[in-house]
Amino acid sequence: MKINRRNLLSTAAAAVLALTSHAAHAADVTLNIGYQPIVEPSRVPQADGTYEKETGARINWQKFDSGADVITAIASGSIDIGYVGSSPLAAAASRELPIETIYIVGLISDAEALAVKNIAKPDDLKGKKIATPFVSTAHYSLLTALKHWKVDPKSVQILNLRPPEIAAAWERGDIDGAYVWDPVLAQLKKSGSVLATSADVARWGGPTFDAWIVSKKFAEAHPEVVTGFVKVTGAAYASYLANPDSWNASSPEAEKIARLTGARTDEVPALLKGYTFPSLKEQAGADLLGGGTVKAVAETSAFLLEQGKIPAVLKDYSPYVSDRWVKEAAKAGL
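Note that residues are indexed from 1 along each chain, following the sequence as it is written. Under the rules for a predicted model, residues below a pLDDT of 70 receive no local features and side-chain atom pairs below 80 are neither given nor counted, while totals for whole chains, interfaces and linings still include all residues. Side-chain numbers come from the whole structure's heavy atoms, not from hydrogens or water.

Caption draft 1: Highlighting the overall build of the chain. Tallying secondary structure elements over the chain gives 16 helices and 11 strands in all. The C-alpha radius of gyration of the chain comes to 21 Å, within 12% of the 20 Å expected for a compact globule of 334 residues. Dimensions of the chain, computed from C-alpha atoms along their principal axes, come out at roughly 85 × 50 × 30 Å. Burial analysis of the chain (334 residues in total) assigns 51% to the buried set. Accessible surface is estimated by sampling points in the Shrake-Rupley manner with a 1.4 Å probe; for residues, cover comes only from the protein chains shown. Carbon and sulfur atoms make up 53% of the accessible area of the chain, which totals about 14700 Å². Only four residue types enter the tally: Lys and Arg on the positive side, Asp and Glu on the negative side, with His and both chain ends excluded. Each charge is placed at NZ for Lys, CZ for Arg, CG for Asp and CD for Glu. The chain carries 35 positive and 36 negative side-chain charges, and their two centres are separated by 3 Å. In this description a helix means any DSSP run of H or I spanning at least four residues, a strand means any run of E spanning at least two, and both kinds are numbered starting from the N terminus. As a reference, a globule follows 2.2 Å times the number of residues to the power 0.38, and the radius of gyration itself is taken over C-alpha atoms. Categorising residues by exposure relies on relative accessible area from a 1.4 Å probe, with only protein chains included: less than 20% of the type maximum marks a residue as buried, more than 50% marks it as exposed, and the intermediate range marks it as partly exposed.

Given below as structure tokens:
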């Protein structure tokens, strides 16, 4: 094609029109996000309004205390993107809820644990009241630990409490222990001891992780918004991984995370170290969204079936995990 001033002007006009059209389209989108008050890097762009700037969407942020509640909200259509653990994710996929896993937040290590009072060894758990949010990663880890220790779950009074309820019950002396996550876990450890962490449980064959998931209906209707969400999330993790020591107690990052989670700023650096955060490049690899996550969800589902928590398992969990969004976010210039 011959390039002249007219061609350049018409090409520029078309580009501007396309960008304007995209911005107008995104501005018409309302994105409902269900997050949990967990200490992790994406709290920073949430506090800064970066998700809104990148996606161009109007975002309603809704706080939830457990992954099971997030799953219920996605199933009802009240949220489009949600933060869940691997256990509620497996339960939702096993029930064929139309969702996709779009980002692995972190592999849970010391950020979840079984905190106890006056319990020195696993056998002492028998007859005791141990709380955990049901169908959560903590619940899965508790059951896996009991199986490893050869302690019959029926011999333990396992109570279904959300993290804020666990904190209150612990202070009242109503429970003897709890398997829960930070920042409530940090509160319990001040007057209790840790019997096992999720790093221990992973070594015993029960690894857990947190993830962002999206409603397939929303993803199909607004792929550019989902890509933008993943791009911002990946950038937050890249920032932390590049210099984790700079996210210290006096940093603006710690202040923003504390504001949205209820953790103290001086607790934030240690709580961040309770996870292993994968980079955007690692997200699409064979260990995660490129294959490993499907295997992990299938194995978690098999355990949940064994425990009677789900009615059946699927032959294939790959429809519930996608590496498309992290790949597109990488192409978008992260």
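Don't stop here, the text continues.
Caption draft 2: Layout of the nonpolar core. Residues grouped as a nonpolar core are buried Ala, Val, Leu, Ile, Met, Phe, Trp, Tyr and Cys residues, joined through side-chain atoms within 4.5 Å. In terms of nonpolar packing, the biggest core is built from 106 residues, with Ile102, Leu114, Leu125, Trp149, Trp212 and Val230 touching the most fellow members. Looking at this core, the element that brings in the most residues is helix H11 (residues 223-242), giving eight residues. Only heavy atoms enter the contact rule, under which two residues are in contact if any of them lie within 4.5 Å. When neighbours within four sequence positions are excluded, isoleucine 102 is seen to be in contact with Trp212, Ile213, Val214, Val226, Phe229, Val230, Leu289, Ser322, Trp325 and Val326.

Caption draft 3: The arrangement of the packing of helix H6 (residues 137-149) against helix H15 (residues 292-306) in detail. Comment: axis = line fitted to C-alpha atoms, over the contacting stretch for helices; angle = value between 0 and 180 degrees taken between N-to-C directions. Remark: H6 packs on H15, axes separated minimally by 11 Å, with the N-to-C direction vectors making an angle of 70°. Between H6 and H15, the interaxial angle falls into the category roughly perpendicular. Taking contact as the criterion, the partners of Tyr140, Leu143, Thr144 and Lys147 in H6 are, on H15, Thr300, Phe303 and Glu306. In the contact of H6 with H15, the residues fall into three nonpolar, two polar and two charged. These descriptions rest on fixed angle ranges, namely under 35 degrees for roughly parallel, over 145 for roughly antiparallel, 65 to 115 for roughly perpendicular, and the rest for oblique. Here the nonpolar group is Ala, Val, Leu, Ile, Met, Phe, Trp, Tyr, Cys and Pro; Asp, Glu, Lys and Arg are the charged ones; every other residue, Gly included, is treated as polar.

Caption draft 4: Quick look at the sheet that holds strand E11 (residues 275-276). The strand order across the open sheet built from six strands is E2-E1-E3-E10-E4-E11, with neighbouring strands paired in mixed fashion. Bordering the open sheet on either side are strand E2 (58-63) and E11, each of which pairs with just one other strand. Any two strands are treated as partners once DSSP identifies two or more bridges connecting them. Relative to strand E10 (residues 209-215), strand E3 (residues 81-85) runs antiparallel, the two sharing five bridges. Across the sheet, glycine 82 pairs through a bridge with isoleucine 213, a residue of E10.

Caption draft 5: Expanded view of the environment of leucine 305. Topologically, leucine 305 is positioned in helix H15. Since its relative accessible area comes to 34%, leucine 305 is described here as partly exposed. Separated by 211 residues in sequence, leucine 305 and serine 94 have C-alpha atoms that sit 9.5 Å apart. Dropping the residues within four chain positions of it, leucine 305 is found in contact with Ile310, Pro311, Ala312 and Val313.

Caption draft 6: Structural view of empty space enclosed by the protein. A 1.4 Å probe that fits but cannot get out identifies a cavity on a 1 Å grid over protein atoms alone, an open set with protein on both sides within 12 Å along at least five of seven lines counts as a pocket, and a residue lines either if it has an atom within 4 Å of a point. Grid points are joined across faces, edges and corners, and a volume is the space filled by probe spheres set on the points. For the structure shown, the criterion picks out one cavity of 30 Å³ or more. Approximately 60 Å³ is the volume attributed to the largest cavity. The leading source of residues in the lining of the largest cavity is E3, at three residues. Among the residues making up the lining of the largest cavity, the classes are represented as five nonpolar, five polar and two charged.

Caption draft 7: Structural detail: the sheet that holds strand E8 (residues 177-181). Judged by pairing direction, the sheet is mixed, and its five strands sit side by side in the order E7-E6-E8-E5-E9 without closing on themselves. If you trace the sheet from one side to the other, it starts and ends with strand E7 (157-160) and strand E9 (193-197), each paired once. The mean inter-strand angle of the sheet, taken between neighbouring strand axes irrespective of direction, is 25°. The pairing of strand E5 (residues 112-116) with E9 spans four bridges and is antiparallel. The residue of E9 that forms the bridge with alanine 113 is threonine 197. Across the sheet, H6 lies against E5, strand E6 (129-132), E7, E8 and E9, angled at about 130° from E8, the strand it touches most. Across the face of the sheet, helix H7 (residues 163-172) comes into contact with E5, E6 and E8 while running at roughly 145° to E8.

Caption draft 8: Highlighting the pattern of salt bridges. Each reported salt bridge corresponds to a side-chain nitrogen of Lys or Arg within 4 Å of a carboxyl oxygen of Asp or Glu. Applying the stated criterion across every chain yields a total of 16 salt bridges. In this structure, lysine 231 and glutamate 54 form a salt bridge, with 3.7 Å as the shortest nitrogen-oxygen distance. In this pair, lysine 231 sits in helix H11 while glutamate 54 sits in helix H3 (residues 50-55), placing the two residues 177 residues apart along the sequence. Aspartate 124 serves as the salt-bridge partner of lysine 121, at 3.0 Å between the closest nitrogen and oxygen. What you see here is one network of salt bridges that share partners, running through Lys190, Arg264, Asp266 and Glu267.

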